[in-house]
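# Structural description and commentary
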Amino acid sequence: MARDYYQVLGVSRDASADELQRAFRTLARRNHPDVNKDPAAEERFKEINEAYHVLADPETRARYDRFGPDFRQIPDDVAAGSYVGANRGGGFRTGPGGGGARVYVDREAEGDLGIDFDDLFGDLFGGRGARGPIRGADQEAELTLSIDEAYRGGRRQITLGGRSFEVNIPAGVTDGQRIRLAGQGGQGSGRGPAGDLYLIVRIAPHPRYRLQGRDIHVPALVTPWEAALGASVPLATPGGEVKVKVPPGSSSGRRLRLAGEGMPNPRGKPGDLYAEVRVMLPPKLTRKERELFKELASVSTFDPRRSA
């Protein structure tokens, strides 16, 4: 059974977005496989990452709060009140009387309460032996996208189980978001409609960009003289090249925020772009460069170890 995502992050169920982010950063640093050599750290890191990605998105958090760990398996047309016992081994039943009504059956609750759900549903949908169209089952599959694809959106051809689909990817789609393909799930019976296919978006790691919610983090590579004197440097982003102003006296690690330049958000405010300054040295100094650096060393009184 999946652990409660709030417990994984060590936060309350009414935690704010900032509290979620602080908890995630602390736990991620502590359990990152590059830092923590405990063999179990990698699994903990994956669990922490999954919990944060679900709770950081308001839409997926709302579904998780309503339906629990099985929220991805619950179709959009199911009301919270009709879903009982998410962790107790139930399943969906489509009423034999037609109409596409879907009710969640909790088999343990059936035993606890002394209720025969087959009789109950027979009464609700026209009797145990009633026949009629039965809607097909909903199905799920994962769709892996690059950050660039998620940023731009667009149409993409995919193949699943020998069938090809053309998928409309919304611009700014986030990790864990579901894309619904109506009528592309399991086949119905008795002339019932087919179920739906839900594609669960997974954002693949990128060698240059780092995604946190809708915020994009990118390195801003600068020379020592650009860092010292200030400069406007080009920055490659998923949305194209932008210019970032590096203030004079910028050291490596300084973050520069470009508001609204992160992932698009069709339902609200877009994310921000954060450029992290990285001061780069020539891999091999020319004779003149070496002389200039020696001259700088002889006249400068700056000592980073003393001022730190």
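Residues numbered from 1 in each chain as written. Predicted model: local features only at pLDDT ≥ 70, side-chain atom pairs only at ≥ 80, totals over all residues. Heavy atoms only, no water.

Now for the pattern of salt bridges. Once the charged atoms of two side chains with opposite charge are near each other, the side chains can pair. All told, the structure shown has 18 salt bridges when counted by the stated rule. The shortest N-O distance in the salt bridge between aspartate 4 and arginine 13 comes to 2.9 Å. Look at arginine 13 and you get partly exposed, because its relative accessible area is 46%. With a closest N to O distance of 3.4 Å, arginine 155 and glutamate 166 form a salt bridge. With arginine 155 in strand β4 (residues 154–160) and glutamate 166 in strand β5 (residues 163–169), this pair connects stretches of sequence that are 11 residues apart. Overall, arginine 155 belongs to the exposed group, its relative accessible area being 52%. Overlapping salt bridges bring together Arg135, Asp138, Arg180 and Asp196 as one network. (Salt bridge = Lys/Arg side-chain N within 4 Å of Asp/Glu carboxyl O. Buried < 20%, exposed > 50% of the residue type's maximum accessible area, 1.4 Å probe, protein only. Helix = DSSP H or I, 4+ residues; strand = E, 2+ residues; numbered from the N terminus.)

With that settled, the discussion passes to the sheet that holds strand β8 (residues 210–212). Strand pairing in a sheet relies on backbone hydrogen bonds, with the paired strands running either antiparallel or parallel. Spatially, β8-β9-β13-β12 is the arrangement adopted by the 4 strands of the open sheet, whose pairing is mixed. Each having just a single partner strand, β8 and β12 (255–258) make up the two edges of the open sheet. The average undirected angle you get between the axes of adjacent strands in this sheet is 30°. When β8 meets strand β9 (residues 215–222), the two strands line up antiparallel, connected through 3 bridges. (Pairing = 2+ DSSP bridges. Axes fitted to C-alpha atoms, helices over the stretch in contact; angles between N-to-C directions.)

In this section: the packing of aromatic side chains. The tally for this structure, following the rule as stated, stands at 3 aromatic pairs. Between tyrosine 5 and tyrosine 64, the aromatic rings sit 4.7 Å apart at their centres with planes inclined by 20°, giving stacked as the arrangement. Taken together, the residues tyrosine 5 in helix α1 (residues 5–9) and tyrosine 64 in helix α4 (residues 58–67) connect sequence positions 59 residues apart. For the pair shown, tyrosine 5 and tyrosine 64 are each scored as buried. With 6.2 Å between their ring centres and 45° between their planes, tyrosine 6 and tyrosine 64 make a pair best called tilted. On the criterion of sequence distance, the pair formed by tyrosine 6 in helix α1 and tyrosine 64 in helix α4 is long-range, its members being 58 residues apart. There is no split in this pair, since tyrosine 6 and tyrosine 64 are both buried. (Phe/Tyr/Trp six-rings, centres within 6.5 Å; stacked < 30°, edge-to-face > 60°.)

Function cannot be read off these values alone, since they describe shape.
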